[in-house]
Structure formats: C-alpha cells, structure tokens
Amino acid sequence: MIKLENVTKRFANGFTAVDDVTLEIQEGEFVVLIGPSGCGKTTTMKMINRLIDPTAGRILIEGTDISKLDPIQLRRRIGYVIQEVGLLPHMTVAENIALVPRLQKWPRAKQMQRVEELLNMVGLDPETSLQKYPRQLSGGQRQRVGVARALAVDPPIMLMDEPFGALDPITREQMQDEFIKLQQRVQKTIVFVTHDMDEALKFADRIAILDRGRIVQCDTPRAILHNPANNFVRDFVGTDHTLKQLSLIKVKDAMIENISTVRLEDSIHNVRQLFATGYRSIVVVDEQGMVRGYINREDAEKASASQRVSEVMVTPISTIAHDKSLKEALSKMIRNDAGYLAVVNEQSKLVGIITSSCLHKVVGEPYLDSGIAV
Amino acid sequence: MHYLLQNPERVLSLTIDHIQISAAAVMASVAIGVPIGIVLTRLRFLQGIVLGIAGVLYTIPALALFAMLIPFFGLGFKPTMVALILYSQLAIIRNTVSGIETINPSIIEAATGMGMSGMQLLFLVQIPLGLPVVMAGIRMITVMAIGVATIASYIGAGGLGDLIFEGIFTFDTGKIIAGALPICLLALLSDRILVKVQRRLEQWREDFHIGTQSKES
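What counts, and at which threshold
Residues numbered from 1 in each chain as written. Chains lettered and ligands numbered in written order. Predicted model: local features only at pLDDT ≥ 70, side-chain atom pairs only at ≥ 80, totals over all residues. Heavy atoms only, no water. Helix = DSSP H or I, 4+ residues; strand = E, 2+ residues; numbered from the N terminus. Buried < 20%, exposed > 50% of the residue type's maximum accessible area, 1.4 Å probe, protein only. Contact = heavy atoms within 4.5 Å. Phe/Tyr/Trp six-rings, centres within 6.5 Å; stacked < 30°, edge-to-face > 60°. Pairing = 2+ DSSP bridges. Axes fitted to C-alpha atoms, helices over the stretch in contact; angles between N-to-C directions. Patch = residues over 30% accessible without salt bridge, like charges linked within 9 Å, V, L, I, M, F, W, Y side chains within 5 Å. Areas by Shrake-Rupley, 256 points an atom, 1.4 Å probe, with all protein chains shown as cover. Salt bridge = Lys/Arg side-chain N within 4 Å of Asp/Glu carboxyl O. Core = buried A, V, L, I, M, F, W, Y, C linked by side-chain atoms within 4.5 Å. 1 Å grid on protein atoms, 1.4 Å probe; cavity = no way out; pocket = protein on both sides within 12 Å on 5 of 7 lines; lining within 4 Å. Points joined across faces, edges and corners; volume = space filled by probe spheres on them. Nonpolar A, V, L, I, M, F, W, Y, C, P; charged D, E, K, R; others polar. Domains from an automatic or database assignment. Buried area = accessible area lost by both parts, 1.4 Å probe. Polar contact = N/O pair within 3.5 Å; in protein donor to acceptor, adjacent residues only side chain to side chain.

*Asks:* A description of the overall build of chain B should follow, citing residues and the corresponding values.
*Replies:* The secondary structure content of chain B amounts to nine helices and zero strands. Helices and strands in chain B line up, N terminus first, as α-α-α-α-α-α-α-α-α. Expressed as lengths along the three principal axes of its C-alpha atoms, the size of chain B is roughly 70 × 50 × 20 Å. Every one of the 217 residues in chain B was classed for burial, and the buried ones make up 47%. When contacts within chain B are restricted to residue pairs at least 6 apart in sequence, those whose partners lie at least 24 apart make up 74%.

*Asks:* Would you mind going over the packing of aromatic side chains in detail, with residue names and values included?
*Replies:* All names here are of chain A. Under the counting rule described, the total for this entry stands at ten aromatic pairs over all chains. Residues Phe-232 and Phe-236 carry aromatic rings whose centres are separated by 6.0 Å and whose planes lie at 20 degrees to one another, so their mutual orientation is stacked. Residue Phe-232 and its partner Phe-236 are both found in helix H11 (residues 231–237); the two are separated by four residues, about one turn of the helix. An aromatic cluster of three or more residues is present, and its members are Phe-30, Phe-164, Phe-179, Phe-192 and Phe-203.

*Asks:* Account for the sheet that holds strand E4 (residues 56–61) of chain A, naming residues and giving values.
*Replies:* Residues and elements named next belong to chain A. Taken together, the four strands give an open sheet; going across it, the order is E2-E1-E4-E5, and neighbouring strands pair in antiparallel fashion. Bordering the open sheet on either side are strand E2 (16–25) and strand E5 (64–65), each of which pairs with just one other strand. On top of the sheet, helix H1 (residues 41–48) reaches strand E1 (2–10), E2 and E4; it is set at about 120 degrees to E1, its chief contact.

*Asks:* Please provide a residue-by-residue account of a nonpolar patch on the surface, values included.
*Replies:* A surface patch of nonpolar side chains, amounting to about 450 Å² of accessible area, comprises B:Leu63, B:Tyr154, B:Ile168 and B:Phe169. Within the fold, B:Ile168 resides in helix H8 (residues 161–169).

*Asks:* A description of the nonpolar core should follow, citing residues and the corresponding values.
*Replies:* A:Val32, A:Ile97, A:Met160, A:Phe179, A:Phe192 and A:Ile207 are the most contacted members of the largest nonpolar core, which has 42 residues in total. Beyond its immediate stretch of four places on either side in the chain, A:Val32 contacts A:Phe192, A:Thr194, A:Ala200, A:Phe203, A:Ala204, A:Arg206, A:Ile207 and A:Ala208. Among the nonpolar cores identified, the runner-up in size contains 31 residues, and B:Ile21, B:Val26, B:Leu69 and B:Ile141 belong to it.

*Asks:* Now, about empty space enclosed by the protein: what can you tell me, with residues and values included?
*Replies:* Picture a little ball the size of a water molecule; that probe, rolled over the atoms, points out where space is still empty. By the definition in use, this model includes one cavity of 30 Å³ or more. In this structure, the largest cavity is lined by A:Arg75, A:Arg76, A:Ile78, A:Gly79, A:Tyr80, A:Val100, A:Arg149, A:Ala150, A:Ala152, A:Val153, A:Pro155 and B:Met114. Put simply, the parts of the chain that give the lining of the largest cavity at least two residues each are helix H2 (71–76), strand E6 (78–81) and helix H7 (139–150) of chain A. It is E6(A) that provides the largest number of residues to the lining of the largest cavity, a total of three residues. Considering only residue class, the lining of the largest cavity consists of eight nonpolar, one polar and three charged.

*Asks:* Which residues make up the pattern of salt bridges, and what values go with them?
*Replies:* All told, the structure shown has 21 salt bridges over all chains when counted by the stated rule. Note that A:Arg114 and A:Glu117 form a salt bridge whose closest N and O atoms lie 2.7 Å from each other. Taken as a pair, A:Arg114 and A:Glu117 lie in helix H5 (residues 108–121) at a separation of three residues, close to a single helical turn. Its relative accessible area of 13% is what places A:Arg114 among the buried residues. Notably, a salt bridge pairs B:Glu166 with B:Lys175, separated by 2.6 Å at the nearest N-O pair. The class of B:Glu166 is partly exposed, set by a relative accessible area of 26%. Classification of B:Lys175 as buried rests on a relative accessible area of 15%. A network of salt bridges, in which partner residues are shared, links A:Lys3, A:Glu5 and A:Arg58.

*Asks:* Could you give me a rundown of the domain arrangement of chain A, with the residues and numbers involved?
*Replies:* Residues and elements named next belong to chain A. Annotation of chain A at the domain level lists domain 1 (2–249) and domain 2 (253–362). With seven residues of domain 1 at the contact, the number on the domain 2 side is nine residues. Across the domain 1/domain 2 interface, buried area totals approximately 630 Å², and carbon plus sulfur atoms make up 74% of it. Our count for the contact surface shared by domain 1 and domain 2 stands at zero salt bridges. Here domain 1 and domain 2 share three residue pairs in polar contact (both at pLDDT 80 or more) between them. Breaking the side of domain 1 that touches domain 2 down by element, the ones donating at least two residues are helix H10 (221–226) and helix H12 (241–248). At four residues, the largest contribution of residues to the side of domain 1 that touches domain 2 is made by H12. Its residues assigned to classes, the side of domain 1 that touches domain 2 comprises three nonpolar, three polar and one charged.

Now the structure itself:
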C-alpha cells in the first residue's frame, strides 16, 4: 500500500531529519511511528502526503511514485489529523467536515448527508453540533470532528500526528478506545505518530521506533517488548516493559483451561481424593457452570467426610473476564490478595483459571532464554 | 448654531459630498492595498521596501502632499483621491500582511494537508481568518479619510471642509461649527458602524455566551 524506499530528508540548514528510511506498510495495517522529539517521525509522515518532499529516495502508494502525482489530488485521498486538530476556526462543524467533499465539488445534499453520517460515526449528535464553531466544543469533541473530517471522502489512508496528544488523560483514553472500535469498522491503512509507548502498544500492528532519523526497530508490539534490538529501544520501551507486555496479552490466551472443579453438592470425601493429586485449592461451580466459590485443602481436611462442598467452601471468589488483559488480572490478584483468579466468559461461566505462574510463563520466557536468572 | 439651523440643505449636501469622497477613497484604498498585502505574503523579500515606501508616504503632511500632487492631477477631486489612497496604503498593506501571517501555522498546514490549492487556501482560509485585522486597518483609514478630506476642500474637493474654511476667513463661528460638528459625528458614527461589521465578521471568534459552552458528555 505505502512503500518508503531509502527515503532521506535533509533540510536547507543541513539537518538530516530522516536518514535512509525504508518501510513497507500493508493495506489495512496500523503502523505507529514512535521516537523522541526530533527523531524524524513527523517528517517521515509528512513526506507521505507531500507536505515535505524527500531529498533522496522515493515513496510509492499502490505502486505509484508519489512525486509523479499532483500533491493536491494526492492529499485529498489521504485523511490527515494533527495534534491541534487544525479545525478551521471560522467554519462550523458542518463546514469543517464537508471541506474535502466541497473541494471535490460534491453536490450539496450529498455533502450534508455525509456530514451527518460521520458525526454519528464519531459519536457526536448532529442536531446540536452541526452549527457550532470549533471554539464552542471541548477538546474531545474537537478531536472527534477532526477524525470525522479526515474520514469525509473515505480515503484509504489516514495519517495521524499525535491526534490525542493535547487531551486530558481521561478523555484521551476514552478517545483511544473509541478510535480502536472505529478502526475495526473502517479498516484504514493508518500511519500514526506518537511519542507515547502505551498508545503505540494499544493501537499498533507494527511499531517503527526512530532515533536520529533512522528506524532502529520495526516490528510487532510483542516482538519489540520481547526482543528489543538495542539499548536505545530497551530504554525507550522503559523499565516497566514487563508490565506493558502484560497489557498486550488477553487472559484467555494465558489461562489454564483444563482444570478440575467440584460441584456444590459433592461430598468432602470425593473432594479429598482430588486434593490428594496435589491441589491446594479447587474452584466450586454449580450445575450451570457458574463460579460459586473455592475450597481449600486445609478446610477439606478439617471437615468431616460426610459434609457437602457448599458447607465448607469459601466465598466470594475473585473472578476476571476472559477478554481482559493480563495487566488487569495481575492488578486484581494483588488487590484481592488472591493466588489465582477464576476466569469467566461473557455468560459468567467458568472457562479456566489464571495464576501468577501463568504470568511468569508469559513474560519470564525471554529472560530464561537469554540465560539471565529470574 | 445659527448657520446650521438656517441652512440645513447646504450642510446636508456638503455632508453627502464628504461621505462620498471618504467612502470612495476607502474603497479604492482597500481595492489597491489588500491585493498588494496578499502579494507581499507570497513575495516576502518585497515587504521591507514596499512597507518602507508606504511608511514614508504616511509621514508627509497633508497640505504638502496636495501641493506635490497638483502639478500632476490639477485641483479638486482627483488629487484628493490620490492623496487619500497614498495615505491609506501603510495601514491597509501592513494589516493585510500581519492578518495573514499571524494565522496559526497548524491551521494552514491542516488545510494544505487536506488538499487545498493555493487559491483555495487564500480565499477559504487566509482571507477570512485575516479579515479581522484588515478590518481594524479599514477603521483606521476611514477616520483618517474623513479628517484629511476636510483639508482637501482647500484644493477644491468640496465637502464639509468648505464650511470650515469659509468660517475661518469670515470669522463666522457658526459656519465653523456647522462644518466641524457633522465631521465629528461622521467620524464617530462610521467607526461605530465598522466595529459592528467587524464583530459580525469574526462571530466565530467570540466566546459566545458562557452558558452554551457544551462540555464533553
């Protein structure tokens, strides 16, 4: 879809902002360019819509060298969202969103229809927001309008330069979550610039880490966390990369699935036999497979053999939904001081358990591989 | 006050003359100065010299400028228009340039990034956003034109200056007042009207009413 071949940008003052960058972006891929300020990430992005022309190398979009295309036509096929949004302050929300359709000379009725469609898509009420000026909107609302405007003519490619950078942390996270959902619907090829690693991990199919104009490493979030190419990447990812890694993995992908359970009405006698195989604690479920509590070995040993599980079990049990991240699982384990969590699906049925050893297994591996003792 | 009350028709017709001279001068000045200002934002190396010349013109005393123009344009309306236009250029050109150049660069970048051509950028973004500053310049030159047009009656341009000069030469205070009073009112009134127009043009800038600022739900 987008291909950068040995692209270099040297500015008139001699500063080399981008140095021999080669990068291929597939259709529908979400690529995040990340790095410290001055690393060339924004310059790289701006060369894709020719706001900046490269000094050397070439950029191809769908196989065509973009230096041979009319920049104005090229830009209209690429959605563009920037940090301060760049909404035109003298135009209403409707006029801002309809801008590219208007430049493309769409009929008026079609423009208005598209504006309403987009406002609904980004979660703004057309009725109340159409005639407002950007100044009358909150930061988050402006951001939504900016995204809507970039999507106006349904461009296959979107360039986004720290679009959520100026928002407060709460709005920011909310916008990020909404944007993930939106992207799942619209499936654009996205080049996204940020300096926030958590944001990159959240969005990216691939992350390209830049330093002094060069790509130091370009890989999937997991691979970057697992195998940082050098110390720069390791430092950039941060010392909490283990925790970051946990946020990438879903509970269901790390849990223990085939676990023994006992029923409420089972007798302690039967349970003791299970404990004899080495368990210290067993999850108790009812006939629907719903989690009801857990039973400890000590309690089972102290109780009389004729008692039922329901009389001896401990409630409540800490549970976690299977689509949560391991980071959330760990946090819940620490908060509830639980050795493990029962994992439940959407119907609240037990599907497995997650223990601290599951977490170690996932994030501890690279250390064992590289021979460093845990 | 006598003269004003006894000759309302003459005062009125001179007032109309005065308005016509000033308005024609302001419109011509804008028509010339704004395009020059726009060109200067594209050819920045010319800014120093053009604004320098306009600045020098601005400092020449009115009567001296009229005197210099008479050999070329004779007496009456023509040299008056030329003088008023020359005086106005500094304010109009300078405000046009700064109006356009002080627009937030991220707005220009976003507009360019969306695929606007140079002309679209100029007419859809730079002129509308620069307009409030240009309007401030127009207000300045309007008041100036009304004042200088008074002196221009000395070289036969007509207008309310006629009454003032007649009054001075005949020691007729009534006549002086009959000329000066409408001029003052004219200047004040036109400034008020232009302020209103300016407000209308930059509606988007106003903070509107504090209560309607909607918050994120």
